[in-house]
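# Notes for the structure review
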Amino acid sequence: MAGFDQDIELSAYSHSHGLGISGNGRSGRQRSIAEASSFTLGGASPSPRTKSFADVSPGGSHGRSKSIAAASDGAGGGFHGTMSRFVDSFRRGDGTINKNLDFDDDNNTSSHGYSSHSISRGHGGTRYYDLRPGTGKINTPSSLLARELKGRHLQMIAIGGSIGTGLFVASGKTLSDGGPASVLIAYLIIGVMLFCTIQALGELAVIFPVAGSFSAFSTRFLDPSWGFAMGWNYALQWIGVLPLEVLAGAMTIGYWNKEINKAIFVTIFLVIIFIINLFGAKGYGEAEFIFAIIKVTAVVGFILLGIVINIGGTPTEGYIGGKYWEDPGAFHNGFKGLCSVFVTAAFAFAGTELVGLAAAETANPRKSLPTAIKQVFWRISLFYIVSMTLVGLLVPYNEPRLLNAQNIADASASPFVIAIESAGATVLPSVMNGVILISVISVGNSAVYGSSRTLAALAELGQAPAILAYVDRRGRPIVAILVTMAVGLLAYLGDVPSQKNIFDWLLAISGLSSILTWASTCLAHIRLRKAWAYNHRSVQDIAFKAQGGVIGSWIGFILNVLVLVTQIWVSIDPLHQGDTPLTTKERVRSFFVSCLAIPVVLICTIVHKWYYKTRWVRIEDMDVDTGRRDFGRLGIIKAQEKEERMGWPRWKRVYRFMC
């Protein structure tokens, strides 16, 4: 099948004669990337060392601009030549053809040639938001971002890319707040919700593999103002996660030496994360591939060890079984304890959706993305449900180390480490803490990737400072990366006495952000299907269909809303230890620490709507063509794949359906 797809791509490329589209009169792909590509600053001139295909093709054919290296470019060898090439890589991207670019996708992409920065328009002295340029730009999959991610990268990003302190450390807080049964119920509900959400995201991202996808989908299928808010909400979520994870890593070092200065390891972690992101999308993918393998191995090892500990018992207590579900009990703090678990559980799952964001930098999303999306089922069931069930069996919710945690990033309060220590192991707790350190770097790496790509997409839409849209010759949104890394310097505040408050507010920024993003994704998928039917399109024309369909998206959306409502209730009337009632000031603080994302999103939406006078996008106004990837002869490809599947044994058909 790979060869068949490649033949189609080459055929489409040669037919278009230098990537110019013939026959239909469309001019969208007949401009050079230097003029019309996504993620370039408006009005920027191409590099003087570049030359367009239009200048060298017979008959002056239009096409992409191709970089013609000057004779002196990188001239000479040794250190001087290496440094020259390194510095040159940071110059503005000039539209060089990416060797991984899918020509077939570009030729089947509808681009109507809208102005690059014409979002805000005047009409009779009144500002309004013109949806057409935004749709044309952000939904054009061809950008200067390098398409270097492969199928194996996406699969490991989906399986274990964002497993970090949310699972390994913060799960201790959920256990102490709600008890083991509440943890299991909450993780099951969040798991079902996220499975439906990621399936919907997969369908959207395969059709429109765009940078800044969460903002793009909300802008296109819901409301431009809501899309603006979702973009900033998602960017701020990951910007807040970076210092949180880095500081968590520095605190984890305290497991071995409590006297060491945290700033030393904050510096080390920030430098490592920055270096990884200097290698662009491929560096991110390779790093996450390695990190995910380590994390997955650790979780599987813990599951096996946990079963042995539960059956064989500890040196002091013998067989454990379900003893801790009886004493101190399965639930803690009743129904409110269950509701309090949801937001921390959502924080643990956050980052699963990064696989959709990475679609814009994937060489062949039609093949890679569906497989990666299906891996989410195994991630949810194996790494979260099974591991948290074992944690609940091995660690009682009244364990003193859980109650004495300084904050949610205190690795000494990790229930995984506590469970291993309870078995009398001497080396394995250190190994588990080493895995937590790797997880910190991994999630920090994902935070820089997710926030920088979202900021660059917002800037391209005119919804963020234009400088953030700068993409260099290596396909890196380098300015957005630097901005995110600058916010990461907040991790140096870990040595101040009020570090718990810092953690609380960093978590407040990212806590409910994921819930809002997931709910918007489900609703955008529902609206896409309605627009698809309105335009008389068949569901068979969709390259990857969500396994739950529209019903699954409704389930995901309703569960997201219910989790949001319960979290608001718990934040207004939080869990409280002791007989003294909370003061009004303490309740207000509790609300904003838990639900800061809600007022931020509402303010962004209201201000943007007031300024641009936007309205809810009607079904008849939705554009389901611009930026869509048709993948060449999709019908022929799917027919051959179906014929190939008919020859598979039943076990393989079931396996491929799930994976």
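Just so it is clear, the model here is predicted, and its values are computed rather than measured.

Parameters at a glance
Residues numbered from 1 in each chain as written. Predicted model: local features only at pLDDT ≥ 70, side-chain atom pairs only at ≥ 80, totals over all residues. Heavy atoms only, no water. Helix = DSSP H or I, 4+ residues; strand = E, 2+ residues; numbered from the N terminus. Contact = heavy atoms within 4.5 Å. Areas by Shrake-Rupley, 256 points an atom, 1.4 Å probe, with all protein chains shown as cover. Patch = residues over 30% accessible without salt bridge, like charges linked within 9 Å, V, L, I, M, F, W, Y side chains within 5 Å. Salt bridge = Lys/Arg side-chain N within 4 Å of Asp/Glu carboxyl O. Buried < 20%, exposed > 50% of the residue type's maximum accessible area, 1.4 Å probe, protein only. Disulfide = S-S within 2.5 Å. Expected span 1.5 Å × (residues − 1). pLDDT = per-residue confidence, 0-100. Core = buried A, V, L, I, M, F, W, Y, C linked by side-chain atoms within 4.5 Å. Axes fitted to C-alpha atoms, helices over the stretch in contact; angles between N-to-C directions. Parallel < 35°, antiparallel > 145°, perpendicular 65-115°, else oblique. Left-handed = near helix turned anticlockwise from the far one by under 90°. Nonpolar A, V, L, I, M, F, W, Y, C, P; charged D, E, K, R; others polar. Phe/Tyr/Trp six-rings, centres within 6.5 Å; stacked < 30°, edge-to-face > 60°. Lys NZ or Arg CZ within 6 Å of the ring centre and 35° of its normal.

### Considerations on the overall build of the protein
The helix and strand tally for the protein stands at 28 helices and 4 strands. Sequence separation of 24 or more characterises 82% of the internal contacts of the protein that already satisfy a separation of 6 or more. For the protein, the accessible surface area stands at approximately 26,100 Å², while carbon and sulfur atoms represent 63% of it.

### Focus: a nonpolar patch on the surface
A cluster of nonpolar side chains, namely Val300, Leu304, Leu382 and Val386, defines an oily patch on the protein surface of about 280 Å² accessible area. At the level of elements, α13 (280–312) and α17 (365–394) are the ones that each hand at least two residues to the nonpolar patch. Structurally, the position occupied by Leu304 is in helix α13. On the accessibility criterion, Leu304 (54% relative accessible area) is exposed.

### So, the state of the cysteines
Inspection of every chain in the model, using the stated rule, returns 0 disulfides. The thiol sulfur of Cys522 is not disulfide-bonded, and the nearest other cysteine sulfur, from Cys196, lies at 7.1 Å.

### Let's talk about α13
With 33 residues, α13 ought to run about 48 Å at 1.5 Å a step, and its terminal C-alpha atoms sit 47 Å apart, in line with that. The first or second residue beyond α13 is Gly313, which carries a positive phi of 85°.

### So, the confidence of the model for the protein
The pLDDT averaged across the protein works out to 74; a share of 71% of its residues lies at or above 70. pLDDT under 50 marks residues 1–75. Its contacts with residues more than four places away, or in other chains, come to 149 contacts.

### Quick word on the pattern of salt bridges
One pass over the structure, following the stated rule, counts 12 salt bridges. Across the salt bridge formed by Asp177 and Lys173, the nearest N and O atoms sit 2.8 Å from each other. Pair noted here: Asp177 and Lys173 are both in helix α9 (residues 171–207), with a separation of 4 residues, about one helical turn.

### Remarks on the nonpolar core
Core analysis: the largest hydrophobic core is formed by 152 residues, its most contacted members being Phe168 and Tyr187. Per-element accounting of this core gives the leading share, 15 residues, to helix α11 (residues 224–252).

### Things to note about the environment of Phe342
Looking at the element boundaries, Phe342 is found in helix α15 (residues 334–349). Residues Phe342 and Thr174 lie 168 residues apart in sequence; the distance between their C-alpha atoms is 8.3 Å. Dropping the residues within four chain positions of it, Phe342 is found in contact with Ala186, Ile189, Ile190, Val563 and Thr566.

### Things to note about the packing of α9 against helix α24 (residues 549–572)
Contact pair α9 / α24: the axes reach a minimum separation of 8 Å and the direction vectors enclose 130°. In this view, α9 runs oblique relative to α24, as classed from their interaxial angle. Once α9 is placed against α24, the crossing between them reads as left-handed. On α24, the residues touching Ile189, Ile190, Val192, Met193, Cys196, Thr197 and Ala200 of α9 are Gly552, Ser553, Ile555, Gly556, Leu559, Asn560 and Val563. Partitioning the contact of α9 with α24 into residue classes produces 9 nonpolar, 5 polar and no charged.

### Structural notes on the packing of aromatic side chains
Tallied over the entire structure, the rule returns 15 aromatic pairs. Counting every residue linked through ring pairs, the aromatic cluster contains Phe168, Phe302 and Phe416. Over the aromatic face of Phe208 sits the side chain of Arg220, whose NZ or CZ is 4.3 Å from the ring centroid. One cation-aromatic arrangement involves Lys613 over Trp610; the distance from NZ or CZ to the ring centre is 5.6 Å.

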